[in-house]
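Architecture at a glance
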Amino acid sequence: MVEVHDGPPMDGFSVPLRLHNLLLALAGRIDDSALTEARELIARAHIDEAVELTTGTLIAGRIPVSSAEQRELALVLEMSRSDATLANDLLVDEAEPVSTHRFTGENAPEFGIAEALDRTLQVLPDVRSVHAVWRNTPAGSVPGALPQRVVLVELGPEGNPPAVAFRVDTALRRAGIHSVVEVSGPGVAHSEYHQAASAAASPAWVTGSTTSSSSSYRSEPVKPPAPVTSEPLAESGSRHSMRSSSTTTAPPEPVAPVVPIVSPPPAPEPPRKARSETRAERTADLTPAEVAQLRQALAEDPEKGREIAAGKPSMHEVVELPALDLDDPSLSERDRALLRELHAELAERERAEAAKMRLNGASRSGGDQRGWTAP
């Protein structure tokens, strides 16, 4: 049985941070999916599930660990109120693990990472740098697809590695970037796996100052922002840096006082009889003789025809209906359109009158039949 009380004390690290640092040492030896899931459980404060998942993965895959790593796992199991005897089933090998992984910085592994982490890096404190690299070798007993993107994040003393690892991984997955996130804090020794990855990695984001937690996507100093003009400006550098500068230089807009607006009561709807008649209604009230006069007037004098259509003169005389001649050069386009409209309205009126006459005739014949009785 492993003696969990042997060895140095906590060394100032909390239980979640101790397990996070242990996962850093196991990176490259256990599966990427198990590594990511264990870190998410740590961020969600499920330390017991995270350490049991890590121990079970090592046991199931027969992955060798050192005696110091076995004691550390047993200690975390005990402090998280899990079964510390699970560490007895670990495969212990005192030989120094040799990293056989191959990394490359070709094919732009950092592409899209800065944009995907834009909002996240604004709220995470003391993030120093973000690098990315491709890993061309499998990891663990159940490896995933290759090549595998590895994102390396360096934090300062004010950062929280478990929380940063979870937030960065969530932001990258939301942007459709599948990767394994490795977050290192100060005072943690880098394994050969991380040293080889850092040597081939390409910078995706580097802070401009080692003491500031503000973010910028350029390693060189940020130039002062140009004065705001009416023309659109091309985006240069990081969107975060431009956003922060615009918020400090733009004066606050005055806020207008809120004045309650009382809307007047709606006006009563005018009676239907008082409603103004449309031109079609006025035309439909004309008799056939008046319509003939209107058409004659339009053919002879367009101005007089418009007055008759408006109902100004009294229609005493009835003239014969002239032949409709739309090709008359004396007629304007407006007069031709008015003639066509009047002819269409007249045809509609005639159809309505014919239908009315048929309906009246049918009703009268039906009434006669009902009123007749046998002598």
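Please refer to the structure placed before this passage.
In this report, we go over the structure that sits alongside the text. Remember, it's a predicted structure, so these values are computed and weren't measured experimentally.

Topic: the overall build of the protein
Scanning the protein from terminus to terminus reveals 13 helices and 5 strands. Of all 375 residues assigned to the protein, the portion counted as buried reaches 36%. Of all intrachain contacts in the protein linking residues separated by at least 6 positions in sequence, the fraction that spans at least 24 positions is 70%. For the protein, the accessible area works out to roughly 23,100 Å², and carbon and sulfur atoms hold 55% of it.

Here's the deal with the pairing of strand β3 (residues 148-155)
Among the 8 residues in β3, 7 count as buried, and that is most of the element. Looking at chain direction, strand β2 (residues 127-135) and β3 are connected through 8 bridges and run antiparallel. Bridge pairing in β3 links Arg-135 to Gln-148. Regarding topology, helix α7 (residues 161-174) serves as the crossover connection from β3 to the parallel strand β4 (residues 180-184), and that connection is right-handed.

Digging into the nonpolar core
Judged by nonpolar contacts, the single largest core of 32 residues is most densely connected at Leu-19, Ile-30 and Leu-58. Only α1 (15-26), α2 (32-43), α3 (47-60), α4 (67-79), β3 and α8 (192-200) provide two or more residues apiece to this core. No other element matches the 5 residues that α1 contributes to this core. Leu-19 has contacts with Ile-42, Ile-47, Ala-50, Val-51 and Val-76, leaving out every residue within four places of it along the chain.

Quick word on α4
The first and last C-alpha atoms of α4 sit 18 Å apart over 13 residues, in line with the 18 Å expected at 1.5 Å per residue. Every buried residue belonging to α4 is among Glu-69, Gln-70, Glu-72, Leu-73, Ala-74, Leu-75, Val-76 and Leu-77, and all of these are buried. In this fold, the buried residues of α4 make contact with α1 and α3. Of the residues one or two after α4, Arg-81 is the one with positive phi, at around 65 degrees.

What to know about the side chain of Ser-82
In this fold, Ser-82 is placed in the loop between α4 and β1 (103-104). Accessibility expressed as a relative area gives 14% for Ser-82, which makes it buried. In this structure Ser-82 touches Asp-48, Val-51, Glu-52 and Leu-77, once residues within four positions along its chain are discounted.

Quick notes on the side chain of Thr-137
Structurally, Thr-137 can be placed in the loop between β2 and β3. With relative accessibility at 7%, the residue Thr-137 sits in the buried group. Within polar-contact distance, the side chain of Thr-137 engages the side chain of His-101 at 2.6 Å. Those residues within four positions of Thr-137 in sequence are excluded, and the remaining contacts are Thr-100, His-101, Arg-102 and Leu-146.

Here's the deal with the packing of aromatic side chains
Here the distance between the centres and the angle between the planes together describe a pair of aromatic rings. Enumeration over the complete set of coordinates arrives at 1 aromatic pair. Look at Phe-103 and Tyr-193: their rings are 5.4 Å apart centre to centre, the planes differ by 75 degrees, and that puts the pair in the edge-to-face class. Of this pair, Phe-103 sits in strand β1 while Tyr-193 sits in helix α8; the two residues are 90 residues apart in sequence, bridging distant segments of the chain. There is no split in this pair, since Phe-103 and Tyr-193 are both buried.

So, unusual backbone geometry
With an omega of -5 degrees, the peptide bond between Leu-146 and Pro-147 qualifies as cis. In this structure, Pro-147 sits in the loop between β2 and β3. In this structure, Ala-45 takes a positive phi of about 65 degrees despite not being glycine. One can find Ala-45 in the loop between α2 and α3. Relative accessible area serves as the criterion here: at 60%, Ala-45 is assigned to the exposed category. A positive phi angle, close to 60 degrees, is found at Asp-126, a residue other than glycine. With respect to the helices and strands, Asp-126 occurs in the loop between α6 (118-123) and β2.

Overview of the environment of Ala-34
Within the secondary structure, Ala-34 is located in helix α2. Put simply, Ala-34 and Leu-53 are 19 residues apart on the chain and 7.5 Å apart in space, counted from C-alpha to C-alpha.

Re a negative patch on the surface
Among the surface-exposed residues, Asp-48, Glu-49, Glu-52 and Asp-83 lie close enough to one another that they form a single negatively charged patch. Its location among the elements puts Asp-83 in the loop between α4 and β1.

A short note on the packing of α1 against α3
It is at 11 Å that the axes of α1 and α3 come closest, and there the two elements cross at 25 degrees. Here α1 is positioned roughly parallel relative to α3, judged by the angle of their axes. The crossing of α1 and α3 is left-handed. Between α1 and α3, the contacting residues are Val-15, Pro-16, Leu-19, Leu-23 and Leu-26 on the first element and Ile-47, Ala-50, Val-51, Thr-54 and Leu-58 on the second. Counted by class, the contact of α1 with α3 contains 9 nonpolar, 1 polar and no charged residues.

Rules used throughout
Residues numbered from 1 in each chain as written. Predicted model: local features only at pLDDT ≥ 70, side-chain atom pairs only at ≥ 80, totals over all residues. Heavy atoms only, no water. Helix = DSSP H or I, 4+ residues; strand = E, 2+ residues; numbered from the N terminus. Buried < 20%, exposed > 50% of the residue type's maximum accessible area, 1.4 Å probe, protein only. Contact = heavy atoms within 4.5 Å. Areas by Shrake-Rupley, 256 points an atom, 1.4 Å probe, with all protein chains shown as cover. Pairing = 2+ DSSP bridges. Right-handed = clockwise from strand over helix to strand, strands pointing away. Core = buried A, V, L, I, M, F, W, Y, C linked by side-chain atoms within 4.5 Å. Expected span 1.5 Å × (residues − 1). Polar contact = N/O pair within 3.5 Å; in protein donor to acceptor, adjacent residues only side chain to side chain. Phe/Tyr/Trp six-rings, centres within 6.5 Å; stacked < 30°, edge-to-face > 60°. Patch = residues over 30% accessible without salt bridge, like charges linked within 9 Å, V, L, I, M, F, W, Y side chains within 5 Å. Salt bridge = Lys/Arg side-chain N within 4 Å of Asp/Glu carboxyl O. Lys, Arg positive; Asp, Glu negative; His and termini not counted. Charge placed at Lys NZ, Arg CZ, Asp CG, Glu CD. Axes fitted to C-alpha atoms, helices over the stretch in contact; angles between N-to-C directions. Parallel < 35°, antiparallel > 145°, perpendicular 65-115°, else oblique. Left-handed = near helix turned anticlockwise from the far one by under 90°. Nonpolar A, V, L, I, M, F, W, Y, C, P; charged D, E, K, R; others polar.

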